[in-house]
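An overview of the molecular structure
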Amino acid sequence: MIRVGFRCDAGTGTGVGHLVRCVALAEELCARGVAVVFLGEVRDSAWGRAQLRERGLPLVPAPEGPSRLAALARELRLDAVVLDSYELPDGTGAALRAAGLAVLAIVDGDPLGQDADLYLDQNLGAERHPGPASRLAGARYVLLRDSVRRLRRRGERESGQVPRVLCFFGGTDSAGVAPAWARALRETGVPFEATVVSPAPFEAGGPITVIPPTDRLPELMAGADLVVTAAGSAIWELLYLGVPAALSWVARNQLIGYEELVGRGVAAGLGPAPDPAAVELLARLLADPAAREEHGRRGGGLVDGRGRERVADALLRAGAGSP
């Protein structure tokens, strides 16, 4: 049996986006009979830990240092390791390869950083930028979970009904911005109904319901008329579902994706903070169904849901072999 490890962390400081996309690839590998183990830590996120537990994906603490990680990989008899972290020491990929493992490094338009057999940059437009021949680049390789791939958007409600808004900023809201964007929605003065996902409860009032992180997030996306979120990994799920999105950005690595998505008109750009211009844009999107639906239309077809299959094929060819 082929064995693949995923070296990633999740928590309030790093968010859960790395974990979510690794879970999507792990689902694909498990479906092919590959044994999977996660190496790392999930801190202060019960929702993140549940993503592994409910899928039967084991989590093993990862030691510090490339050589010790390579030793653990050999002890676990791994054939390949997926690296998805901005915080790994230099030389991690090289140590794993020297130990005879195939390495896939997931990046986000950033310098490659690690020595690897394959690099994955699933950001929209990444295929236009120079990179090694061993790079899988662009929306063709987006990693989506089963819970998203089996859904289809419910669509816009009948004329005269207030729009349904979903507002969330990752599984941990590591920047703590959900309350500010909830206030921005209320400041529009336009009728709406909203669900705001926040790990820290707060009183939003009015037509806003605040809930904790939930496994129902894909269903909430599919049922929304507009999603207010950051340009993180969830945007690929929204593109697949065809749901109009208004984007902010809360981490530097999200800026590349934000500029590409907004520049193409695939999503509305709110900027990094809920200033008066962002409130005005939200008001226009809430009041004008055609304006927000245009964004969903432009994004339609960019993500076909088969990216994880293509990545799994490439990873197994790179050295893990076929089960």
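Residues numbered from 1 in each chain as written. Predicted model: local features only at pLDDT ≥ 70, side-chain atom pairs only at ≥ 80, totals over all residues. Heavy atoms only, no water.

**Comments concerning the pairing of strand β14 (residues 245-248)**
The two faces of β14 match: Ala245 and Leu247 on one face and Ala246 and Ser248 on the other face are all buried. As defined by bridge partners, strand β13 (residues 226-230) adjoins β14 across four bridges and the pair is classed as parallel. Bridge assignment links Ala230 to a residue of β14, and that residue is Ser248. Read from β13 through helix α8 (residues 234-241) to β14, the crossover connection turns out right-handed. Direction of pairing for β14 relative to strand β15 (residues 268-269): parallel, over a ladder of two bridges. Looking at β15, one finds that Ala246 is bridged to Ala268. In this view, the connection linking β14 to its parallel neighbour β15 by way of helix α9 (residues 255-263) has right-handed handedness. (Buried < 20%, exposed > 50% of the residue type's maximum accessible area, 1.4 Å probe, protein only. Helix = DSSP H or I, 4+ residues; strand = E, 2+ residues; numbered from the N terminus. Pairing = 2+ DSSP bridges. Right-handed = clockwise from strand over helix to strand, strands pointing away.)

**Examining the packing of helix α10 (residues 276-287) against helix α11 (residues 289-299)**
It is the contact of α10 with α11, at a shortest axis distance of 5 Å, that shows an interaxial angle of 95 degrees. As far as their axial angle goes, α11 and α10 are roughly perpendicular. Along its contact with α10, which presents Leu285, Leu286 and Ala287, the element α11 presents Pro289, Ala291, Arg292 and His295. Residue composition of the contact of α10 with α11, by class: five nonpolar, one polar and one charged. (Axes fitted to C-alpha atoms, helices over the stretch in contact; angles between N-to-C directions. Parallel < 35°, antiparallel > 145°, perpendicular 65-115°, else oblique. Contact = heavy atoms within 4.5 Å. Nonpolar A, V, L, I, M, F, W, Y, C, P; charged D, E, K, R; others polar.)

**Observations concerning the environment of Ala62**
Within the secondary structure, Ala62 sits in the loop between β5 (59-60) and α3 (66-75). Taking the C-alpha atoms as reference points, Ala62 and Ala204, separated by 142 residues in sequence, lie 39 Å from one another. Ala62 has contacts with Arg7, Leu39, Gly40, Leu69 and Leu72, leaving out every residue within four places of it along the chain.

**A look at the nonpolar core**
If you look at the biggest cluster of nonpolar residues, it comprises 36 residues, and the most contacted ones within it are Val4, Phe6, Leu25, Leu29 and Phe38. Of all the elements in the fold, those that place two or more residues in this core are β1 (3-7), α1 (17-31), β3 (35-39), α2 (46-53), β6 (80-83), β7 (102-106), β8 (118-121) and α12 (307-320). Among the elements that take part in this core, α1 stands out by supplying eight residues, more than any other. (Core = buried A, V, L, I, M, F, W, Y, C linked by side-chain atoms within 4.5 Å.)

**Overview of the sheet that holds strand β10 (residues 164-167)**
Read across the sheet, six strands follow the order β12-β11-β10-β13-β14-β15 without closing on themselves; strand pairing throughout is parallel. Two strands bound the open sheet, and with one partner strand each, they are β12 (208-211) and β15. Here helix α6 (residues 178-187) sits on the sheet and contacts β10, β11 (193-197), β12, β13 and β14; the angle it forms with β11, its principal contact strand, is near 170 degrees.

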